[in-house]
Amino acid sequence: MSFPRALLLAALLPFPAFADVLEVQPVTDGVWAIVGPKEQRDGVNLANNATFGLVVTDAGAVLIDPGGSWKGAEALHATIRSLTDQPVKFVVNTGGQDHRWLGNGYWQAQGATVIASDAAVEDHHARADQHMMDLGQFLGDGLAGTEPAYADVTFADSHTFDLGGLSFQITHPGPAHTPGDSFVFVPQKDTVFTGDIVYVERILGVGEQSSITDWPASFEAMAATGATHVVPGHGHATTMDQARADTYDYLMNLRAQISALIEAGGDLSAAADVDQSAFARLEQFDTLSRKNAEVAFVQMEFE
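Described in the following lines is the structure provided in the data block. From a predicted model like this one, the values you see are computed outputs, not experimental measurements. (Residues numbered from 1 in each chain as written. Predicted model: local features only at pLDDT ≥ 70, side-chain atom pairs only at ≥ 80, totals over all residues. Heavy atoms only, no water.)

Here we come to helix H5 (residues 118–139). For H5, the principal kink sits at Arg127 and spans about 60°. Considered for burial, the residues of H5 that qualify are Ala120, Val121, Asp123, His124, Arg127, Ala128, His131, Met132, Leu135 and Leu139. Positive phi shows up at Gly140, right after H5, with a value of about 60°. (Bend = angle between axes of the 7 residues up to and from the residue. Helix = DSSP H or I, 4+ residues; strand = E, 2+ residues; numbered from the N terminus. Buried < 20%, exposed > 50% of the residue type's maximum accessible area, 1.4 Å probe, protein only.)

Val192, Ile197, Trp215, Phe219, Met222, Leu254 and Ile258 are the most contacted members of the largest nonpolar core, which totals 37 residues. The set of elements that each furnish at least two residues to this core consists of strand S10 (183–186), helix H6 (215–223), helix H7 (240–263) and helix H9 (285–300). Leaving out residues up to four positions away in the same chain, Phe219 has contacts with Ile197, Val198, Ala243, Arg244, Thr247 and Tyr248. Membership of the second largest hydrophobic core comes to 22 residues, among which are Ile34, Leu54, Ala73 and Ala116. (Core = buried A, V, L, I, M, F, W, Y, C linked by side-chain atoms within 4.5 Å. Contact = heavy atoms within 4.5 Å.)

This part takes up the environment of Asn93. With respect to the secondary-structure elements, Asn93 resides in the loop between strand S5 (88–92) and helix H4 (104–109). Look at Asn93 and you get buried, because its relative accessible area is 1%. Note: C-alpha distance between Asn93 and Ile64 (29 residues apart in sequence) is 6.7 Å. Excluding anything up to four places from it in sequence, Asn93 contacts Asp65, Pro66, Arg100, Trp101, Asn104, Val114, Ile115, Ala116 and His124.

Looking now at the side chain of Lys189. Along the polypeptide, Lys189 turns up in the loop between S10 and strand S11 (191–193). A polar contact is formed between the side chain of Lys189 and the backbone oxygen of Asp29, at a distance of 2.8 Å. Lys189 has contacts with Thr28, Asp29, Val31, Leu166 and His229, leaving out every residue within four places of it along the chain. (Polar contact = N/O pair within 3.5 Å; in protein donor to acceptor, adjacent residues only side chain to side chain.)

Another point: the side chain of Ser167. Within the element layout of this structure, Ser167 appears in strand S9 (residues 166–171). Excluding residues within four positions of it along the chain, Ser167 makes contact with Thr160, Phe161, Asp162, Phe185, Val186, Pro187 and Gln188.

Quick look at the packing of aromatic side chains now. Inspection of the entire model under this criterion finds eight aromatic pairs. Consider the rings of Phe161 and Phe168, whose centres lie 5.0 Å apart with planes at 5°: the pair is stacked. Per residue, the accessibility class of Phe161 equals that of Phe168, and both read buried. Of the aromatic side chains, those joined through ring pairs into one cluster are Trp70, Tyr106 and Trp107. (Phe/Tyr/Trp six-rings, centres within 6.5 Å; stacked < 30°, edge-to-face > 60°.)

Before going further, it helps to examine the sheet that holds strand S8 (residues 158–163). With mixed pairing, the five strands of this open sheet are ordered in space as S8-S9-S10-S11-S12. Only two strands of the sheet have a single partner each, and these edge strands are S8 and strand S12 (229–231). Neighbour-to-neighbour, the strand axes of this sheet turn through a mean angle of 20°, independent of strand direction. Pairing geometry for S8 and S9, over six bridges, is antiparallel. Note that in S9 the partner of Ser158 across the bridge is Thr171. (Pairing = 2+ DSSP bridges. Axes fitted to C-alpha atoms, helices over the stretch in contact; angles between N-to-C directions.)

Written out as structure tokens, the structure is:
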């Protein structure tokens, strides 16, 4: 779908149709993954092209990531209302990408408290203008109402809060897809919400804001929770084994391939051709794999 056609379709769709791009996946009692598309942002998905998490208690709900725009947050809220009448009391920003924070303003207007790592908030400030400019291109009128809004509560390495008899343990283990990525472990539900530390079903993206060096260790810190249920940043809720296969194993193969290239005296022009074929099963492989390798080369050349 071309960009102008996507905007035209968005203009013609009734509001409930925006919520319809979000798939509700039950995870365990009182816990859901809300799964957005795995493709690029556009005027239909409203930058909700990611996976979000919802935990409902008798004292209110906790939302993991707010949506990628004001209207995206509204669409997310419409989906949440189909599951519970409980108000969203807390929203956790798990990282620095637009769908991890640009819906904050909507939820703050509903009375929710937004929580993020210090590193994530620093990243939000640093990339806010670029995010808004890019989303203006992708979403068009779908960006209306969106303004950068920052977390109410911040933390350096970890933060825990309780709601409705559940403990929400937020950890920023280090950089991964973005500098401020965090995961949220809810031990009573044996569930971890990983943000962009984990991608399943589709290939992850290694961007300039990512750390190919630190991402594997951040994954291992998340995996140390031993959670049975894994709600990733992209794709459906899954197991730790699948998270490892689609994210950690991909990262380690990419690191090994680029390291071998550097040791052999290869240069950036050869990076895109390193062997990533074992992961060709992942969606978006043809779109992102070569770029991932080039960014990895630049970051690893002087490790």
